[in-house]
Every structure is written in structure tokens, then in C-alpha cells.
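Residues per chain, in single letters:
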Amino acid sequence: MTATELWLVIGVAVAVSIPRASWRYFGLLATVTHELGHAFAALMTGQRLGGIRLSLDHSGTTTSYSRRPLAAVWSTFWGYPVPAVVGAAMVCCGFTGWGPAAMSVGTLILIASFLFLRNGIGILITAVAVLAAVLLVLFVPPAFIGHVMIGLGLALLVAAVRDLGKLAAVHTRHRSRLSTSDAYLLARATRIPAPVWLVLFAVVVAAAWWAAWQPMGPVLAALPG
């Protein structure tokens, strides 16, 4: 990928993830990724997954059952950081030639998530995401799938920062909604203050941005000064 192509991809990622009009739709993909993060963390610790519910207002819930407090803490944590982690992985795959494989794996994960969806809106949102992924695989030349993955990955990285900012606002300006905050739930479960969990979320998101920058930096540095 040339530096010019990368700047164009960055521009598309910004256009998708920052303006309110486009965020209204792309933010739904970030919500799906967030809830799948909770679900995957629950399954990997042997919890029983009750289901996933998604809403058009970018909210969602993942219900899991466990008798082990640490397992519940683990699955609760892996919500807000996951869009950034997935975004960084997509960027790295796009640069290393694994874009088509990553797109296929992501599509299969979305299809598998239908087993756990418990409301019609959630099924609709996920079905649209699956359809979009299939169309990309079918109609975008393999040589450009990597570009698409980088753009989507960067957009998810931006989404992670946006959602983290919204979460921080819940703790500072909208405290009546604290019960919806993962950091608040983690604080109640562990007695570790919610600001500590917010910082830990931010550390993982920052690490994901750093990982994504590693392949991008040399390309952008190749621009003539």
C-alpha cells in the first residue's frame, strides 16, 4: 500500500466513524463487536451464555451465567476494549496480506452469533453486517480487500475512543445512567473503583492504537517531505 492509498483509506475511515450521520449506522457495528467481546470472554471462561440483545440506539446487553466471580469480571471487562483490539487486528491483517482470510473469519463469527441473538433488531443488525461482508468478499477484488480491512479497522479504533468517551461522560455528567456502565458493574463486583476500570479500558485501547500504528507509520513516513 502506498502512502497516498493509506491516506485515502484513513479519510474513508474518518468519514464513516466521526460524522453523526454515518456514525448512526457504523456505530451499530461497534456495538455488535462490543457485545461479541463480552460473549467470547464468557464462553472462553466456561460460562453459560444466555443471549445477546442489540438496539438501534447503540445499546446492547449480553447475559451470561457463572458461579465464579472472576469469570464474570473477565467477561464484563471485555466489552469496551474489544472494538479497538479487533480494529488493530484488522489493520495488521490488511497490511500483511491476511485481509481476505480475516474478512472470511469475521463473517463466520457474525453468522455464528445468530445462535445467541435474542431480539429481532439484533438479528436485523447482524444480518445487514453479514450481507455487507459477503458483498465485499464477492465484489471487491482480493487485492483491495486489505484496504477495506484497514479502513474498517481504523473506523473501529475510532469507535472505541468514541464509546470510551461516552462511558466517561456517564461517570461525570450523566450519573443517573451509571447502572448501564461496565465500569460501574465491575466496581460493584470487585470493590475496585470505577475510575480504575476506566483507565484499564483506556490502556487496552491505547495499546491497540499503538499496534495498529506499527505497520502504518513506515508507510506514512515514506511521503516526500
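Above this note sits the structure.
Residues numbered from 1 in each chain as written. Predicted model: local features only at pLDDT ≥ 70, side-chain atom pairs only at ≥ 80, totals over all residues. Heavy atoms only, no water.

Caption draft 1: Inspection of the overall build of the chain at higher detail. Helix and strand counts for the chain stand at nine helices and two strands. Along the chain direction, N to C, the helices and strands of the chain fall in the order α-α-β-β-α-α-α-α-α-α-α. Referenced to the eigenvectors of the C-alpha coordinate spread, the extents of the chain come out at roughly 55 × 40 × 35 Å. Of all 225 residues assigned to the chain, the portion counted as buried reaches 43%. Put simply, the chain has 14 plus and 5 minus side-chain charges, and the middle of one group is 12 Å from the middle of the other. (Helix = DSSP H or I, 4+ residues; strand = E, 2+ residues; numbered from the N terminus. Buried < 20%, exposed > 50% of the residue type's maximum accessible area, 1.4 Å probe, protein only. Lys, Arg positive; Asp, Glu negative; His and termini not counted. Charge placed at Lys NZ, Arg CZ, Asp CG, Glu CD.)

Caption draft 2: Geometry of the packing of helix H7 (residues 142-172) against helix H9 (residues 194-221). For the pair H7 and H9, interaxial distance at closest approach is 11 Å and the crossing angle is 165°. Between H7 and H9, the crossing angle belongs to the class labelled roughly antiparallel. Crossing of H7 against H9: the hand is left-handed. Seen from H7, the contacting residues are Leu-154, Leu-157, Val-158, Ala-160, Val-161, Leu-164, Leu-167 and His-171; seen from H9, they are Ala-194, Leu-198, Phe-201, Ala-202, Val-205, Ala-208, Trp-209, Ala-212 and Met-216. Of the residues contributing to the contact of H7 with H9, the split by class is 16 nonpolar, one polar and no charged. (Axes fitted to C-alpha atoms, helices over the stretch in contact; angles between N-to-C directions. Parallel < 35°, antiparallel > 145°, perpendicular 65-115°, else oblique. Left-handed = near helix turned anticlockwise from the far one by under 90°. Contact = heavy atoms within 4.5 Å. Nonpolar A, V, L, I, M, F, W, Y, C, P; charged D, E, K, R; others polar.)

Caption draft 3: Main features of the packing of helix H4 (residues 82-96) against H9. Two numbers describe how H4 lies on H9: the axes approach to 8 Å, and their chain directions differ by 15°. If you check the angle between H4 and H9, you find them roughly parallel. As H4 packs across H9, the resulting crossing turns out to be left-handed. Of the residues in H9, those touching H4 at Ala-84, Val-85, Ala-88, Val-91, Cys-92 and Phe-95 are Val-204, Val-205, Ala-208, Ala-211, Ala-212, Pro-215, Met-216 and Val-219.

Caption draft 4: Representation of the nonpolar core in the model. The biggest cluster of nonpolar side chains holds 44 residues, and the ones touching the most others in it are Leu-6, Leu-154, Leu-157, Trp-197 and Phe-201. Elements that contribute at least two residues to this core include exactly helix H1 (3-17), helix H2 (20-44), helix H3 (69-77), H4, helix H5 (99-112), H7, helix H8 (182-190) and H9. Here Trp-197 is in contact with Val-73, Phe-77, Ala-183, Leu-186, Ala-187, Thr-190 and Ile-192, once residues within four sequence places are set aside. Formed by 13 residues, the second largest nonpolar core is a distinct cluster that contains Val-32, Ala-42, Leu-117 and Val-130. (Core = buried A, V, L, I, M, F, W, Y, C linked by side-chain atoms within 4.5 Å.)

Caption draft 5: Structural view of the environment of Ser-113. Topologically, Ser-113 is positioned in the loop between H5 and helix H6 (120-139). Sequence separation between Ser-113 and Leu-178 is 65 residues, and the spatial gap between their C-alpha atoms is 28 Å. Every residue in contact with Ser-113, bar those within four places of it in the chain, is listed here: Leu-36 and Thr-126.

Caption draft 6: Quick peek at H9. With 28 residues, H9 extends 39 Å between its outermost C-alpha atoms, agreeing within 8% with the 40 Å of an ideal straight helix rising 1.5 Å per residue. In H9, a bend of some 45° at Gln-214 exceeds every other bend along the element, and Pro-215, a proline, comes one to four places later. Buried residues of H9: Ala-194, Trp-197, Leu-198, Phe-201, Val-204, Val-205, Ala-208, Ala-212, Met-216, Gly-217, Val-219 and Leu-220, and no others. The secondary structure elements touched by the buried residues of H9 are H1, H3, H4, H7 and H8. (Expected span 1.5 Å × (residues − 1). Bend = angle between axes of the 7 residues up to and from the residue.)

Caption draft 7: Spatial organisation of the packing of aromatic side chains. Under the criterion given, the structure shown has five aromatic pairs. Ring centres of Phe-77 and Phe-201 lie 5.0 Å apart, and the angle between their planes is 45°; this geometry places the pair in the tilted category. Pair noted here: Phe-77 is in helix H3 and Phe-201 is in helix H9, with a separation of 124 residues, a long-range link. Relative accessible area serves as the criterion here: at 9%, Phe-77 is assigned to the buried category. Among the aromatic residues, ring-to-ring pairing joins Trp-74, Phe-77, Trp-78, Tyr-80, Trp-197 and Phe-201 into one connected group. (Phe/Tyr/Trp six-rings, centres within 6.5 Å; stacked < 30°, edge-to-face > 60°.)

Any link to function would need more than the numbers given here.
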